Amino acid sequence: MKNFVSFVMFLILVFSLGSIVFAERNFVETTLQDGFQVRAMSMGNAYTSIAEADGAIYYNPAGLSIEGAQYSYQKFDVKNTVYQDFSSHTVYKSPVGYSFWTKKSKDGDHVDVNAIGYGHKGKTVSWGVNYKTIRYKLNDEESVNGQSTDIGVLFNLFPAMRVGVMAKDFFTKDLDNV
């Protein structure tokens, strides 16, 4: 029993240290990959086939083809317990959208992302593309600018059923170190 408890404690220690290193090392990557919409985050970011309105530009740009218009401002970590700032602004008017999101750590790391997207609606297949400019500064080093593109497809199988496919960061430039 003593060996089992020691083994479990060892595993907890290893995974705890690994997650701390991973979080520190991937600040820019997590900003680009984790999402920024409250509804989608509450669904565990399983939003690729639902993506519409303000979430479409990030989760699946094909959703920009869905009729509608919206402006959204979302602020995460309101009490600033983890980040100094983590917020987004999104404007959407089918078939185009624009979004800006920023994440600033308390350590001075900073990422700003501007994204513009377009969605084309078809009878059974809709597609969309977005273009992102990323500016980040880590560990008080010189700012780095990069670019990225996402491509998404929505298959409208039935009136109440869609399947989504997304290629994130399909094309990147100057983001090799991320």
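Everything quoted here is computed from the prediction, not taken from an experiment.

Caption draft 1: A look at the sheet that holds strand β7 (residues 161–173). Overall, antiparallel pairing links the seven strands, which are arranged β1-β2-β3-β4-β5-β6-β7 in an open sheet. Lying at the two open borders of the sheet, with one neighbouring strand each, are β1 (69–75) and β7. Within this sheet the neighbouring strands show an average axis-to-axis angle of 15 degrees, counted without direction.

Caption draft 2: Representation of the packing of aromatic side chains. Applying the stated rule across the entire model yields four aromatic pairs. On the basis of an interplanar angle of 85 degrees and a centroid distance of 5.6 Å, the ring pair of Tyr58 and Trp101 is categorised as edge-to-face. On the criterion of sequence distance, the pair formed by Tyr58 in helix α4 (residues 56–59) and Trp101 in strand β3 (residues 96–105) is long-range, its members being 43 residues apart. Judged by relative accessible area, Tyr58 falls into the buried class, the value being 2%. The exposure class assigned to Trp101 is buried, which follows from its relative accessible area of 1%. A network of ring pairs unites the aromatic residues Tyr58, Tyr59 and Trp101 as a single cluster. Seen from the ring of Phe86, Lys103 lies directly overhead, with NZ or CZ sitting 4.6 Å from the centre. Here the basic side chain of Lys168 rests over the ring of Tyr58, its NZ or CZ set 3.7 Å away from the ring centre.

Caption draft 3: Highlighting the pattern of salt bridges. Summed over all chains, the structure comprises four salt bridges. Lys75 is paired through a salt bridge with Asp85; the nearest N and O atoms lie 3.2 Å apart. Remark: Asp85 occurs in strand β2 (residues 83–93) and Lys75 occurs in strand β1; sequence separation between them is ten residues. When its relative accessible area of 31% is taken as the criterion, Lys75 is described as partly exposed. On the basis of relative accessibility, which here comes to 17%, the residue Asp85 falls in the buried class.

Caption draft 4: Layout of the pairing of strand β6 (residues 144–158). Pairing of strand β5 (residues 125–137) with β6 involves twelve bridges; the strand directions are antiparallel. Across the sheet, Thr133 pairs through a bridge with Gln147, a residue of β6. Once β5 ends, the chain turns through six residues before running back antiparallel as β6, passing Asn139 with a positive phi of about 55 degrees. Bridge count for β6 against β7 is ten bridges, and the pairing is antiparallel.

Caption draft 5: Structural context of unusual backbone geometry. Pro95 follows Ser94 through a cis peptide bond whose omega is 10 degrees. Phi is positive for Asp169, which is not a glycine, with a value near 50 degrees. Relative to the elements of secondary structure, Asp169 occurs in strand β7.

Caption draft 6: Representation of the side chain of Ser148 in the model. Assignment of secondary structure puts Ser148 in strand β6. If we skip the residues at most four places from it in the chain, Ser148 touches Asn130, Tyr131, Lys132, Ile134, Asp169, Phe171, Thr172 and Leu175.

Caption draft 7: Representation of the environment of Tyr136 within the structure. Here Tyr136 shows up in strand β5. Owing to a relative accessible area of 7%, Tyr136 belongs among the buried residues under this scheme. In this structure, the C-alpha to C-alpha distance between Tyr136 and Thr102, residues 34 residues apart in sequence, is 9.7 Å.

Caption draft 8: Expanded view of the nonpolar core. Formed by 26 residues in total, the largest nonpolar core has its most connected members in Phe36, Val111 and Ile134. Residue assignment for this core shows that the elements contributing at least two residues are α2 (27–33), α4, β2, β4 (110–120) and β5. The greatest single-element share of this core, amounting to four residues, is contributed by α4. If we ignore the near neighbours within four places in the chain, the residues touching Val111 are Phe27, Val28, Thr31, Trp101, Thr102, Lys103, Ile134, Arg135 and Tyr136.

Quick notes on the rules
- Residues numbered from 1 in each chain as written.
- Predicted model: local features only at pLDDT ≥ 70, side-chain atom pairs only at ≥ 80, totals over all residues.
- Heavy atoms only, no water.
- Pairing = 2+ DSSP bridges.
- Helix = DSSP H or I, 4+ residues; strand = E, 2+ residues; numbered from the N terminus.
- Axes fitted to C-alpha atoms, helices over the stretch in contact; angles between N-to-C directions.
- Phe/Tyr/Trp six-rings, centres within 6.5 Å; stacked < 30°, edge-to-face > 60°.
- Buried < 20%, exposed > 50% of the residue type's maximum accessible area, 1.4 Å probe, protein only.
- Lys NZ or Arg CZ within 6 Å of the ring centre and 35° of its normal.
- Salt bridge = Lys/Arg side-chain N within 4 Å of Asp/Glu carboxyl O.
- Contact = heavy atoms within 4.5 Å.
- Core = buried A, V, L, I, M, F, W, Y, C linked by side-chain atoms within 4.5 Å.

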